[in-house]
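Examining the three-dimensional arrangement
Spelled out, the chains give:
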Amino acid sequence: MFLLNRGKAIVLSCASISQASYYTTAKRLDENYTHFGYKTVKTEEKAGRVLDVFSSVASKYDMMNDVMSGGLHRLWKDRMIQKLNPDNKAVLLDCAGGTGDIAFRFVNYVERQHSQFTDHPNVTVCDINNDILEVGKSRALERGVSLNWVCSNAEELPFPDQSFTCYTIAFGIRNCTNISKVLQEAYRVLRPGGRFVCLEFSHVSNPILSKIYDTYSFQVIPVMGEVIAGDWNSYQYLVESIRKFPAADEFKQMISNVGFKVVAYEPLTFGTCAIHSGFRLK
Ligand SMILES: C[S@@+](CC[C@H](N)C(=O)[O-])C[C@H]1O[C@@H](n2cnc3c(N)ncnc32)[C@H](O)[C@@H]1O
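All figures in this text were calculated on a predicted structure; none of them were measured in a lab.

Comments concerning the site of the ligand
Within the structure, the ligand sits among 19 residues, and Ala96, Asp127, Asn153, Ala154 and Ala170 are positioned closest to it. Within the side chain of Lys77, a nitrogen or oxygen atom sits 3.0 Å from an oxygen atom of the ligand. In isolation the ligand has 590 Å² of accessible area, and contact with the protein removes 98% of it. Cavity membership is defined here by more than half of the atoms lying within 2 Å of grid points; on that basis the ligand lies in the largest cavity. Residues belonging to the shell around the ligand are distributed by class as follows: 10 nonpolar, 7 polar and 2 charged.

What to know about the pattern of salt bridges
A side chain with one charge can pair with a side chain of the opposite charge if their charged atoms come near. Across all of its chains, the model carries 13 salt bridges by this definition. A salt bridge links Lys137 to Glu134; its shortest N-O distance comes to 3.2 Å. Remark: Glu134 and Lys137 occur in helix α5 (residues 130-143); sequence separation between them is 3 residues, near one turn of the helix. With its nearest N and O atoms 2.7 Å apart, the salt bridge here joins Glu185 to Arg188. Of the two residues, Glu185 and Arg188 are both situated in helix α6 (residues 179-189); the distance of 3 residues between them amounts to about one turn of the helix. Through salt bridges with shared partners, a single network forms among Asp62, Lys77, Asp101 and Arg139.

As for a nonpolar patch on the surface
There is a patch of nonpolar side chains on the surface, built from Ile208, Leu209, Ile212 and Phe270 and spanning about 380 Å² of accessible area. Of note, Phe270 is situated in the loop between β10 (261-268) and β11 (273-279).

Points about helix α8 (residues 232-244)
Look at α8: 19 Å from first C-alpha to last across 13 residues, which is about the 18 Å you get at 1.5 Å a residue. A large share of α8 lies buried, amounting to 10 of its 13 residues. Its buried side turned inward, α8 meets β3 (33-36), α1 (43-57), α2 (61-69), β9 (190-201) and α7 (207-229). Its side-chain oxygen placed 3.4 Å from the backbone nitrogen of Asn233, Asp231 serves as the N-cap of α8.

Overview of the sheet that holds strand β7 (residues 148-151)
The strands that make up a sheet pair up through hydrogen bonds in the backbone, lying either parallel or antiparallel. Strands sit in the order β7-β6-β5-β8-β9-β11-β10 across an open sheet of 7 strands; the sheet is mixed. Looking at strand neighbours, the two that pair on one side only are β7 and β10, the edges of this open sheet. Here the average twist between neighbouring strands, direction ignored, is 15 degrees. When strand β6 (residues 122-127) meets β7, the two strands line up parallel, connected through 4 bridges. Bridge pairing in β7 places Cys126 opposite Val150.

Thresholds, definitions, all that
- Residues numbered from 1 in each chain as written.
- Predicted model: local features only at pLDDT ≥ 70, side-chain atom pairs only at ≥ 80, totals over all residues.
- Heavy atoms only, no water.
- Near = heavy atom within 4 Å.
- Polar contact = N/O pair within 3.5 Å; in protein donor to acceptor, adjacent residues only side chain to side chain.
- Areas by Shrake-Rupley, 256 points an atom, 1.4 Å probe, with all protein chains shown as cover.
- 1 Å grid on protein atoms, 1.4 Å probe; cavity = no way out; pocket = protein on both sides within 12 Å on 5 of 7 lines; lining within 4 Å.
- Sits in = over half its atoms within 2 Å of the grid points.
- Nonpolar A, V, L, I, M, F, W, Y, C, P; charged D, E, K, R; others polar.
- Salt bridge = Lys/Arg side-chain N within 4 Å of Asp/Glu carboxyl O.
- Helix = DSSP H or I, 4+ residues; strand = E, 2+ residues; numbered from the N terminus.
- Patch = residues over 30% accessible without salt bridge, like charges linked within 9 Å, V, L, I, M, F, W, Y side chains within 5 Å.
- Expected span 1.5 Å × (residues − 1).
- Buried < 20%, exposed > 50% of the residue type's maximum accessible area, 1.4 Å probe, protein only.
- Contact = heavy atoms within 4.5 Å.
- Pairing = 2+ DSSP bridges.
- Axes fitted to C-alpha atoms, helices over the stretch in contact; angles between N-to-C directions.

Remember, this is a structural readout, not a statement about activity or role.
So this is what it looks like as structure tokens:
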């Protein structure tokens, strides 16, 4: 969990928790149907609906992240990069990379840690949504950071096998239609020794905190979405999609199933998020 101490973020691990009560496994869908938030939709429709959500929020996306999380998403993302701890030879694929938040942090980290030795870090941001990539490209121009930008579905990556040493995905995988395919692709494009790190919303186990979190999620976030971004539905989808994402232990098992080793996760901020990680060993 994150605590703040005189302006410094301190990261403590919470106990690993099972949150089965949140994840609705009761209704097993056949492969022709999937979840889009709490709605059941045809599998082939989900990616288009997710595209619409992120096109709709693209211009306000960064500001809404700060408002909704009270700035906490910055600490979570910093922790993700700290955990990845890339060296100066790292070649990163940031999947579902959106407006480049993870990529910028990665570049800063490598340049800070290895200032004498490194060329400009090799970073590719991949996202299915061109509108959101365009916002990222403008941010990169303003910052004078050079990154590769690729528009593609995380389930079918346009990269050869073993192209990267690090694969990150932050708040992206729960939006994908087939999570196992995303994980298989992550494994395929990583070199042996490469690291997978995923930051994603998770589930709060403490019953009192979870009530407060639910109230905030369902009563406040869509209202903020409407007032600030003029878009209730996208933010309603956001909170529903979080509830539909597998519990941390279940997701950990999915990561192991595709071949990753030393698979682990670290809950953050009472379990609202978790950083999942694993290695491709051979
Ligand atoms: C909540 S945003 C996260 C963006 C960024 N990683 C961050 O943490 O700020 C989710 C992103 O996932 C992207 N996305 C959704 N489905 C995807 C897919 N199947 N393949 C690639 N990107 C996808 C969306 O377009 C969106 O930019």
